[in-house]
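Read off the chains here:
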Amino acid sequence: MHLKLISAHCENFKGFKAADVQFGENITHICGCNGLGKSTIAELIMWTLFGVGYDLTSNPKVRREVDQVPVADVPVVGEIAMVVDEKEIIARKVQKRSTKKDGSYSDANTYSINEVEKTLRDFQAYFAFSFDDLLMCMNIGSFLSKKPTEMREFLFKLPKDISVKDIVLNYPEFGDLAGLMEKYSVEEISAMNKASIKKLNDEIKEYPSAIKELYRLVVEDVDTAEMELQKNSLMDQIAEIERQEEDSLSQAKELETMSKDILELQFQKSEIERMANSALIAQRQKIQERIDSVDKKLRSATNDCSMAELDIQRLELAIQRKKKEKVDLITEYNSVGEATYPEYQPIPALTENDLNCPTCGQELPEDMRAHNQTLWLEREEKNRSQYELAKANFEESKAKKLVDIVEEGNRCKKEISKFKDELAETKAKIESVAEQKALFYKEIGEAKAMLEALPIRADLSENQEYEALVLEIQKKEEAMRSANSGADYRAILKEKKAEIQSELDNVKNQIARVMKNAELEDRIEFLRNEHAQKEQAKANCEKILVLLEELDKKKNELMVDDINRHFGGRVTWDLFAFAKNGGYKKDYCEPCIDGYLVRDTANHGRKIEAMLIIALTIQKIVGIQAPVILDDGESLDPWRIPKCKSQLIVIRRTDDKELRFEVS
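Computed from a prediction, not measured in an experiment: that's the story for all the values here.

Caption draft 1: Fine view of the overall build of the protein chain. Broken down by element type, the protein chain carries 15 helices and 15 strands. Relative to the 2.2 N^0.38 estimate, which gives 26 Å for 664 residues, the radius of gyration of the protein chain is 61 Å and therefore markedly larger than a compact globule would have. With respect to the principal axes defined by its C-alpha atoms, the protein chain has extents near 150 × 150 × 45 Å. A burial count over the protein chain gives 34% of its 664 residues as buried. Contacts spanning at least 24 positions in sequence make up 69% of the contacts within the protein chain whose residues lie at least 6 apart.

Caption draft 2: Examining the side chain of Arg369 more closely. The residue Arg369 is located in helix H11 (residues 366–453) in this model. Owing to a relative accessible area of 14%, Arg369 belongs among the buried residues under this scheme. With residues up to four places along the chain from it excluded, the contact list for Arg369 reads Leu355, Asn356, Glu363 and Leu364.

Caption draft 3: Molecular detail of the sheet that holds strand S14 (residues 648–653). Taking strand neighbours across the sheet as the criterion, the four strands line up as S13-S14-S3-S15 in an open arrangement whose pairing is mixed. The sheet is open, and its two edges are formed by strand S13 (628–630) and strand S15 (660–663), each paired on a single side. Averaged over neighbouring strand pairs, the angle between their axes works out to 15° when direction is ignored. Sheet topology note: the S13/S14 ladder contains three bridges and is parallel. Of the residues in S14, the one forming a bridge with Leu630 is Val650. Each of strand S3 (27–32), S13, S14 and S15 is contacted by helix H1 (residues 38–50), which is oriented at about 150° to S14, the strand it contacts most.

Caption draft 4: Highlighting helix H7 (residues 186–204). With 19 residues, H7 should cover 27 Å at 1.5 Å per step; its first-to-last C-alpha distance of 26 Å lies within 8% of that length. Buried within H7 are the following residues: Ile189, Ser190, Asn193, Ile197, Leu200 and Ile204. The buried residues of H7 occupy an angular sector of 100° when the element is viewed end-on, so they sit on one face. Along H7, the residues that are exposed and aim more than 90 degrees away from the buried face are Glu187, Lys194, Lys198 and Lys199.

Caption draft 5: Geometry of the packing of aromatic side chains. Counting across every chain of the model gives 16 aromatic pairs. Look at Phe127 and Phe131: their rings are 5.6 Å apart centre to centre, the planes differ by 65°, and that puts the pair in the edge-to-face class. No difference in accessibility class separates Phe127 from Phe131, as the two residues are buried. Clustering of aromatic rings is evident, with ring pairs tying together Phe50, Tyr111, Phe123, Tyr126, Phe127, Phe129 and Phe131. In this structure, Arg97 packs its charged tip against the face of Tyr105, placed 3.7 Å from the ring centre. Here Arg152 stacks its cationic end above the ring of Phe576, 5.4 Å away from the centre of that ring.

Caption draft 6: Fine view of the nonpolar core. By size, the foremost hydrophobic cluster in this structure holds 74 residues, and its most contacted members are Ile45, Met82, Phe143, Leu155 and Trp573. Not counting chain neighbours up to four residues away, the residues in contact with Leu155 comprise Phe143, Ile563, Phe567, Trp573, Leu575 and Cys589. In terms of nonpolar packing, the next biggest core, distinct from the first, is built from 22 residues, Leu298, Ala301, Leu315 and Ile319 among them.

Caption draft 7: Just the pattern of salt bridges, in detail. This model, assessed by the stated rule, comprises 32 salt bridges. A salt bridge links Lys324 to Asp328, with the shortest nitrogen-to-oxygen separation between them at 3.3 Å. With Lys324 and Asp328 both in helix H9 (residues 224–338), this residue pair falls four residues apart, about one helical turn. A relative accessible area of 54% means that Lys324 is categorised as exposed. Judged by relative accessible area, which is 40%, Asp328 ranks as partly exposed. Note that Lys553 and Glu550 form a salt bridge whose closest N and O atoms lie 3.7 Å from each other.

Caption draft 8: Spotlight on the layout of surface pockets. Computed from the structure, the largest pocket encloses a volume of approximately 360 Å³. Along the wall of the largest pocket there are 18 residues; nearest its centre are Leu616, Thr617, Lys620, Lys643 and Cys644. For the lining of the largest pocket, the per-class residue count stands at six nonpolar, eight polar and four charged.

Caption draft 9: Structural view of the state of the cysteines. Per the counting criterion, the structure on display carries zero disulfides. No disulfide involves Cys592; its sulfur sits 10 Å from the nearest other cysteine sulfur, which is in Cys589. Residue Cys592 is classed as buried on the basis of its relative accessible area, which comes to 10%.

Caption draft 10: A look at the packing of H1 against helix H3 (residues 131–138). At a closest axis distance of 11 Å, the pairing of H1 and H3 adopts a crossing angle of 170°. Here H3 runs roughly antiparallel to H1, going by the angle between their axes. Residues Ile45, Met46, Leu49 and Phe50 of H1 lie in contact with H3, whose contacting residues are Phe131, Leu134, Leu135 and Met138. Among the residues forming the contact of H1 with H3, the class breakdown is eight nonpolar, no polar and no charged.

Caption draft 11: Representation of a positive patch on the surface within the structure. On the surface, Lys323, Lys326, Lys413 and Lys420 cluster together to form a positively charged patch. Mapped onto the elements of the fold, Lys420 is located in helix H11. Judged by its relative accessible area of 43%, Lys420 falls in the partly exposed class.

What counts, and where the lines are drawn
Residues numbered from 1 in each chain as written. Predicted model: local features only at pLDDT ≥ 70, side-chain atom pairs only at ≥ 80, totals over all residues. Heavy atoms only, no water. Helix = DSSP H or I, 4+ residues; strand = E, 2+ residues; numbered from the N terminus. Rg over C-alpha atoms; globule rule 2.2 N^0.38 Å. Buried < 20%, exposed > 50% of the residue type's maximum accessible area, 1.4 Å probe, protein only. Contact = heavy atoms within 4.5 Å. Pairing = 2+ DSSP bridges. Axes fitted to C-alpha atoms, helices over the stretch in contact; angles between N-to-C directions. Expected span 1.5 Å × (residues − 1). Arc of directions from axis to C-beta. Phe/Tyr/Trp six-rings, centres within 6.5 Å; stacked < 30°, edge-to-face > 60°. Lys NZ or Arg CZ within 6 Å of the ring centre and 35° of its normal. Core = buried A, V, L, I, M, F, W, Y, C linked by side-chain atoms within 4.5 Å. Salt bridge = Lys/Arg side-chain N within 4 Å of Asp/Glu carboxyl O. 1 Å grid on protein atoms, 1.4 Å probe; cavity = no way out; pocket = protein on both sides within 12 Å on 5 of 7 lines; lining within 4 Å. Points joined across faces, edges and corners; volume = space filled by probe spheres on them. Nonpolar A, V, L, I, M, F, W, Y, C, P; charged D, E, K, R; others polar. Disulfide = S-S within 2.5 Å. Parallel < 35°, antiparallel > 145°, perpendicular 65-115°, else oblique. Patch = residues over 30% accessible without salt bridge, like charges linked within 9 Å, V, L, I, M, F, W, Y side chains within 5 Å. Areas by Shrake-Rupley, 256 points an atom, 1.4 Å probe, with all protein chains shown as cover. Lys, Arg positive; Asp, Glu negative; His and termini not counted. Charge placed at Lys NZ, Arg CZ, Asp CG, Glu CD.

Following this line, the structure appears as structure tokens:
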């Protein structure tokens, strides 16, 4: 697609009340000193076609001002005449301002193509190209104003498809990946090796502690014959202690028989006590049941008393309300009885004005005067009838109200009498319940006194059988205490036997460990070899991951080389930088010119030249040949302006006091 600017026209646009510009076939130089409106022409093109300023600000303020006050009563007009693929087109944009009473305003934009009005969507849809692409082609700062991720997305559409399998086949350093690439993708190879490394790390960390534990079990060289003699000696000592324990057990059996006799006598004694105390327990239980029964009646009476007190409060409040209602009825009765109907008011009498002609003032004919008097008498009679009817209705309503009030008063009187009777009955009930509560309290007190008077245990001092059992138990317990059970002696033997047994177990363990030394050493050697194998397997996996990283770098280098090829060699792109975590930054995209970073180290002229090269290259990429606008042209040496087929609009500051146009 080829677009060429023919001319531009504006009205009330920034510093111009009206202005026209003609563009040359190849290059148009717009020259002059500061403040003459050079950049305004670039702004006019951007605003009319894209709705932005030259600095890409959305909806810039473009309305002309007089003494710093916007001229609001005339529209802002921008008009661009151009040829698009040999078709002449006049694109026009008009902005009108509506001002409200509070001083606020709103701007409305309208568009047209060849004097046919369009909406903004239809205006852009009229052209068979993307306005976003056109903006990058015409405004040299447009592409670099995008986010790094957006620039990367655009650039990475340029290279041809570079297969990682082709890279592996063409570069010998990636030979170790060739076999894997035939079966798996790069992502699968990376995931499998990372999983293997994680698993190997978990396994490898267990080996040092396992080998150390086996070393701890290895016993230094000792005399096994000496340890066998020591074992036999200890076993003989344990056998002798066991013989001494057998001798001590015969005396313990005699003590066990005495203990059983005492236990039997204790059972007989307890049975006598139980039989004696059972009657006492039954008596206590009977008294307690009496207390519980009376206490239940007392709680019921207390509850009845509380409910009666609430009833008294309710009845007293009801009586009070009804008395007030009765007083209000008396007041209402007196008020209704005193009410009277107003006196009769006749209609106004006829005057001379009613009997004379309203136009000339002369008396009306006799028949008309008689007719007017008849009408007046009819109205008076109707008025009198309405009054009498209304008065009769009033009297009837008054009589009915008085009857209703009397009936309501009688009802209140009956209810007050009823509430008073209920109140008297409730108060009598409270007095009766209070007397019952006093009797219940007295009965409970008497029962508790009887309960406290009962002894805790039965007195068996007069029971001869019981006393004989007590005496016999005492004698047998004294005999048992005086006998030696041998328990202390056996405890000493047991403790000594445990010490010797512990020493014997230690000797046996040492003998067994000496016998297992060869087995332990074989196991240690096996674990060492297995540890080394897993370390080597881990190193192999890490090597594969390193190769994958190098493969990714190589692919990125080839892609960047392909991208840079589009920009002619002077402008290159730095698209891969490492983050702190070791991975690539996903939002990194920096252009360079002659090896200098455009944003940081390149001088101003090189920056302008780089942006100009980028805009012209994008034209080739998207297939749009369009004018390129270059502001600040004085910062770029004329011979540095690249030769191209596209129109160039170069804005340069000179010492000219008026705008000067050079076209070629």
